[in-house]
Amino acid sequence: SSKFSFYKQWYQRRVRGHDPLDEDKYRKHSRFIADINQEVTVNPEYKQNLMRVANITFVMFDKDTMVIPKESEWFGFYKPGQSTELVSLEESEIWSQDKLGLKEMSSQGRLSFLKIEADHLRVPAEFWTDEIIPRLKD
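Computed from a prediction, not measured in an experiment: that's the story for all the values here.

Rules used throughout
- Throughout this description, residue numbers start from 1 for each chain and increase along the sequence as written.
- Selection of residues for local features in this predicted model requires a pLDDT of at least 70, selection of side-chain atom pairs for listing and counting requires 80 or more, and totals for whole chains, interfaces and linings are taken over all residues.
- With hydrogens and water stripped out, all remaining heavy atoms of the structure feed into the side-chain values.
- Relative accessibility decides the category of a residue: with a 1.4 Å probe and only protein chains considered, values under 20% of the type maximum give buried, values over 50% give exposed, and everything between is partly exposed.
- Put simply, DSSP marks the helices as runs of H or I at least four residues long and the strands as runs of E at least two long, and each gets a number from the N terminus on.
- Following DSSP output, two strands are said to pair if at least two bridges run between them.
- Between 30 and 60 degrees the pair is tilted, below 30 it is stacked and above 60 it is edge-to-face, where a pair is any two Phe, Tyr or Trp rings, Trp via its six-membered ring, whose centres lie within 6.5 Å.
- Counted as a polar contact is a pair of N or O atoms within 3.5 Å, where, for protein atoms, one must be capable of donating a hydrogen and the other of accepting one, and residues adjacent in sequence contribute only when both atoms are in side chains.
- Two residues form a contact once any of their heavy atoms are found within 4.5 Å.
- Any Lys or Arg side-chain nitrogen located within 4 Å of an Asp or Glu carboxyl oxygen qualifies as a salt bridge.
- pLDDT is a per-residue confidence score from the predictor, ranging from 0 to 100.
- For patches, a residue must show more than 30% relative accessible area and have no salt bridge; joins then use 9 Å for like charges and 5 Å for nonpolar side chains, namely Val, Leu, Ile, Met, Phe, Trp and Tyr.
- Computed with a 1.4 Å probe, the accessible areas rest on the Shrake-Rupley method; for each residue, only the protein chains presented here act as cover.

K.L.:
Explain the pairing of strand β1 (residues 56–61) here, please?
P.N.:
Looking along a regular strand, one sees the side chains alternate between the two faces of the sheet. The buried count for β1 comes to five of six residues, which makes it a mostly enclosed element. Summarising the sheet, β1 and strand β4 (residues 111–116) pair through six bridges and their orientation is parallel. Directly across from Ile56, in β4, lies its bridge partner Leu111.

Right, here's the structure in full:
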């Protein structure tokens with residue numbers, strides 16, 4: 001349908017997936033992910049703004065069929081130049097250079113990581129009430 005076509009074009013222009021086999025193309029054409037993750041240039045405001053958040057919880061959907069690799073929901077990704085071996089957040093440049101402030105926030109106990117056995121955003125109500133909502137109260 002034309003509605004889907006519009007969305008697909010809009011999405012491709014703004015989000016553009018991260019191709020581990022063509023890092024240069026990804027960095028050149030990504031208008032959102034590479035920018036917000038500080039992979040092209042560093043914008044100190046991004047880190048400052050993120051550091052204002054009291055706590056961050058990252059959720060990985062263990063049966064995710066939309067986000068590939070699912071570990072990227074916790075800032076993990078493939079090692080450059082291939083698409084099998086993963087690098088965790090703690091092994092990444094985003095972490096070692098603390099480009100987003102995540103390393104500092106972790107040292108302050110302000111990061112948490114949850115895993116749920118579900119597909120992308122197929123979250124049972126109990127997960128919200130038991131895991132997410134209590135974290136929003138701090």
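K.L.:
What should I look at first to understand the packing of aromatic side chains in this one?
P.N.:
Working definition: an aromatic ring pair is given by the centre-to-centre distance plus the angle between the planes. Considering all chains together, one arrives at four aromatic pairs under this definition. Aromatic pair Phe58 and Phe75: ring centres 5.3 Å apart, planes at 80°, arrangement edge-to-face. A residue pair is termed long-range when its members are at least 10 positions apart, and Phe58 in strand β1 and Phe75 in the loop between β1 and β2 (77–78) qualify at 17 residues. In this structure Phe58 comes out as buried when scored by relative accessible area, which is 12%. Their ring planes at 65° and their centres at 5.3 Å tell us that Phe77 and Tyr78 sit as a pair that is edge-to-face. Each of the two residues, Phe77 as well as Tyr78, counts as buried. Taken together, Phe58, Trp74, Phe75 and Phe113 form an aromatic cluster joined through their ring pairs.

K.L.:
Would you mind going over the side chain of Glu39 with me for this structure?
P.N.:
Summarising the element assignment, Glu39 is placed in the loop between α3 (33–36) and α4 (44–51). Given a relative accessible area of 18%, Glu39 falls into the buried group.

K.L.:
Would you explain the side chain of Ser112 in this entry?
P.N.:
Summarising the element assignment, Ser112 is placed in strand β4. Residue class for Ser112 comes out buried when judged on its relative accessible area of 18%. A polar side-chain atom of Ser112 sits 2.8 Å from a polar atom in the side chain of Thr57. Discounting residues that sit within four places of it in the chain, Ser112 has contacts with Ile56, Thr57, Phe58 and Arg135.

K.L.:
Looking at this structure, how should I read the pattern of salt bridges?
P.N.:
As a working rule, side chains carrying opposite charge can pair if their charged atoms are close by. Scanning the model with the defined rule gives six salt bridges in all. One salt bridge in this structure joins Lys47 and Asp98, with 3.9 Å as the shortest N-O distance. Residue Lys47 is located in helix α4, and its partner Asp98 is located in the loop between α5 (93–96) and α6 (102–107); the two are separated by 51 residues in the primary sequence. Lys70 serves as the salt-bridge partner of Glu71, at 3.7 Å between the closest nitrogen and oxygen.

K.L.:
Could you clarify how one ought to interpret the confidence of the model for the chain in this entry?
P.N.:
Residues shown with low pLDDT carry predicted positions that ought not to be read at fine detail. In this model, the chain carries an average pLDDT of 85, and 87% of its residues clear a pLDDT of 70 or more. Within the chain, the lowest mean pLDDT, 50, falls on helix α1 (residues 2–14), and the highest, 97, falls on α6. Segment residues 1–7: pLDDT under 50, and zero contacts once partners within four positions in sequence are set aside and those in other chains are kept.

K.L.:
Help me understand a nonpolar patch on the surface in this model?
P.N.:
A cluster of nonpolar side chains, Trp128, Ile133 and Leu136, forms an exposed patch at the surface whose accessible area comes to about 320 Å². Along the chain, Leu136 turns up in helix α7 (residues 125–136). Overall, the relative accessible area of 64% leaves Leu136 in the exposed class.

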